[in-house]
Amino acid sequence: MSDHGHSTADSHDGHAEGDFAHPLPLPMLFGVFGALVFLTIVTVAQANYDLGSFDIAVVMFIATIKAVLVGLFFMHLAFDKPFNLIVFLSSFVFVALFVIITLSDANMTSEAFENNPNDAPPAAAAEM
Amino acid sequence: MATIDSVTTSTDAHADDSHGHDHDHPSWLAHHFDTPEQQFDSGKLGIWLFLVTEILFFSGMFCAYAIFRMLRPEVFEGCSQFLNTKLGAINTGVLLFSSLTMAWAVRCSQTEEHKKLVALIATTLSCAMVFLGVKSIEYSHKWGMGLLPPGSYFYSAANEHPTAQQLVEIHGFSESMAYFLTNSLYFICAPFALVAVAVLVWLIVAKVSGNAFQYACAKPLLVVALSFFGGVGLGMILESGGEHHEGEHVAAAGDHSDAEHGEHSGDDHGDSGHSHSIASDHSEASADEDGATMVESPLGDDYAAVKLLAENETNTGLKDLVAAERTQQSIATGKVLTDPAASDVGISTVESEVNTPRQAGVFFGIYYCMTGVHAIHILAGIGVLVWLLIRAVRQDFNRQYFGPVDYVGLYWHLVDLIWIYLFPLLYLIR
């Protein structure tokens, strides 16, 4: 509290050498927020149209655009040291490995979970 | 090294009197850091590493989601209808707005706008509370309808809102559990009400004792605590609006059939084992869902009256008539095998129904797991944001020391990021 006035007073000197803060301009914040709300409306609206098997791809694509917007601007990654971005993105590499390997495994051994109801009637008929 | 000099000279006086010993660094700069920037960057890398563990943690649940959706896409499509898109969309908007205020708060801490910083953190907190309020409406609504994980799932379309007594008699819940399930909204609201009252008492005590700092902390926190109930109100309005068309169907068909339905399943299956009675109850109910309007037709307009009369124990003739009618309907729809002897062949037929307790239960198990863990993250975020609010009131942050605001902000944005994926994946499956 005591240093409040003090530090503002010499903030001009500080900006030259000591300051590392990078305040995001307000128009940018509002612009990103507007884009996010717009994309949310688009996601909700597209759910009314039958896009078949593209459905999940479209939904994930819009969600990913939103995630990129949040990451780059709200989370400041666009202006940060690139190392933080590398650390963050590296996690998704492992998520992708995890999900892809588990999914392909589940796909190959899905009988272990439950028989697919579409396959079941012939099998049941054979038993009879 | 010019950096160190500029920092230390600008905050020298402050450091000496607040810290007490002869270090030439400001109180907010830890001993093991050379410069504020080094301190900030280390903290930032630390929070990013934490966020990475969070992503890996959530990826387990997303993976479970992906596996079950791959194996049973129709279950996800069917069960997603029970999630209110309006509430999900509103919650998405609320979280996005809280992300905006959080990013703005980080900016304010960097530009040393202390008043604005407090206001923006309080707004972020209020949004978090509104989110939880809407969420509690969603949860309590589903718990009352029995849309629960496998094992406790008891939803039946014929009787969407069973009473506590019915839960005990038909579904075998203990009385206290049944009471909780039918009144869960009050149980969820109770801790938040207690917190709101506690903050109010704190505010009054701080005002009376003239503690300006505590008063300045309690004032925004009271708004925050009360905004939970704003969220509950918002959820109630949207839920009742969205449910209207479904609600009429329940009022028309459900009211008449529920009492009869309970007796029916009790009489016929009570002796053949508890689990069996639940299973058959559900399979009949799911047949009702499709045939709700069809059931009315064979006996014409008198059918409702017949059912009312059949509720009487002594009216065995009409009871049998209604039972026969029901059996006929369920056989006609081709989804239910009523003869237990034949059901070993028909298990797969019954299970191909989306709304069986087992399959729908798996969807709701995943739903509660993902949204529940997300809600726990919101609660944790509320905790750190309150800490931040108090520090902001104390004006702890300046243009070289805004790390805590930034780190909490990053965490908050990640929670938002996860919701950005959860919302379309759970609510928007058609």
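Residues numbered from 1 in each chain as written. Chains lettered and ligands numbered in written order. Predicted model: local features only at pLDDT ≥ 70, side-chain atom pairs only at ≥ 80, totals over all residues. Heavy atoms only, no water.

- Going by the annotation in an unreviewed UniProt entry, the name recorded for chain B is Cytochrome c oxidase subunit III, with Rhodopirellula europaea 6C given as the source organism.
- In its Sequence similarities (unreviewed entry) section, the UniProt record describing chain B reads: "Belongs to the cytochrome c oxidase subunit 3 family."
- Its UniProt record, at the heading Subcellular location (unreviewed entry), says of chain B: "Membrane". (UniProt positions renumbered as here; feature names shortened; annotations may be inferred.)

- Chain A has the name Cytochrome oxidase subunit IV in an unreviewed UniProt entry, where Rhodopirellula europaea 6C is given as its organism.
- The record held by UniProt for chain A lists under Subcellular location (unreviewed entry) the comment "Cell membrane".

## Quick notes on the overall build of chain A
Then, in step 1: Regarding its fold elements, chain A presents six helices and zero strands.
Then, in step 2: Secondary structure elements of chain A, listed N to C terminal, follow the sequence α-α-α-α-α-α.
Then, in step 3: Residues classed as buried in chain A amount to 35% of the 128 residues present.
Then, in step 4: Here the contacts in chain A between residues at least 6 apart in sequence split such that 55% fall between residues at least 24 apart.
Then, in step 5: Accessible area for chain A stands at about 7700 Å²; split by element, carbon and sulfur atoms hold 71% of it. (Helix = DSSP H or I, 4+ residues; strand = E, 2+ residues; numbered from the N terminus. Buried < 20%, exposed > 50% of the residue type's maximum accessible area, 1.4 Å probe, protein only. Contact = heavy atoms within 4.5 Å. Areas by Shrake-Rupley, 256 points an atom, 1.4 Å probe, with all protein chains shown as cover.)

## Some words on the UniProt feature "transmembrane region" (unreviewed entry) in chain A
Residues and elements named next belong to chain A.
Then, in step 1: Feature annotation in UniProt assigns "transmembrane region" (unreviewed entry) to the following positions: residues 28-49, 56-79 and 85-103.
Then, in step 2: Measuring from the first to the last C-alpha atom of residues 56-79 gives 32 Å, for a span that is 79% helix and 0% strand.
Then, in step 3: Helix and strand shares over residues 85-103 are 100% and 0% respectively, and the end C-alpha atoms of the span are 27 Å apart.

## Side note on the side chain of D80 of chain A
Then, in step 1: Tracing the backbone shows D80 of chain A in the loop between α4 (54-74) and α5 (82-108).
Then, in step 2: Among the polar contacts made by the side chain of D80 of chain A, one reaches the side chain of N84 of chain A at a distance of 3.4 Å.
Then, in step 3: For D80 of chain A, the residues in contact, after removing those within four places along its chain, are M75 of chain A together with K44 and W48 of chain B. (Polar contact = N/O pair within 3.5 Å; in protein donor to acceptor, adjacent residues only side chain to side chain.)

## Looking at the pattern of salt bridges
All names here are of chain B.
Then, in step 1: Evaluation of the coordinates by the stated rule reveals 10 salt bridges over all chains.
Then, in step 2: Between E138 and K135 there is a salt bridge, with its nearest N and O atoms 3.7 Å apart. Remark: K135 and E138 occur in helix α5 (residues 114-145); sequence separation between them is three residues, near one turn of the helix. The same class applies to E138 as to K135, namely buried. (Salt bridge = Lys/Arg side-chain N within 4 Å of Asp/Glu carboxyl O.)

## Quick word on the packing of helix α3 (residues 26-46) of chain A against helix α4 (residues 85-111) of chain B
Then, in step 1: It is the contact of α3 of chain A with α4 of chain B, at a shortest axis distance of 10 Å, that shows an interaxial angle of 170 degrees. Considering the angle they form, α3 of chain A stands roughly antiparallel to α4 of chain B. Two packed elements cross with a definite hand, and for α3 of chain A against α4 of chain B that hand is right-handed. Contacts from L26, L29, F30, F33, L36, V37, T40 and V44 of chain A of α3 of chain A reach α4 of chain B at T85, A89, T92, L96, F97, L100, A103, W104 and R107 of chain B. (Axes fitted to C-alpha atoms, helices over the stretch in contact; angles between N-to-C directions. Parallel < 35°, antiparallel > 145°, perpendicular 65-115°, else oblique. Left-handed = near helix turned anticlockwise from the far one by under 90°.)

## Side note on the UniProt feature "transmembrane region" (unreviewed entry) in chain B
Residue and element names in this part refer to chain B.
Then, in step 1: Here, UniProt's "transmembrane region" (unreviewed entry) annotation points to residues 45-68, 88-105, 117-134, 185-206, 212-238, 366-390 and 410-429.
Then, in step 2: Secondary structure content for residues 88-105 is 100% helix and 0% strand, while the C-alpha to C-alpha distance between its ends is 25 Å.
Then, in step 3: Helix and strand shares over residues 212-238 are 100% and 0% respectively, and the end C-alpha atoms of the span are 40 Å apart.

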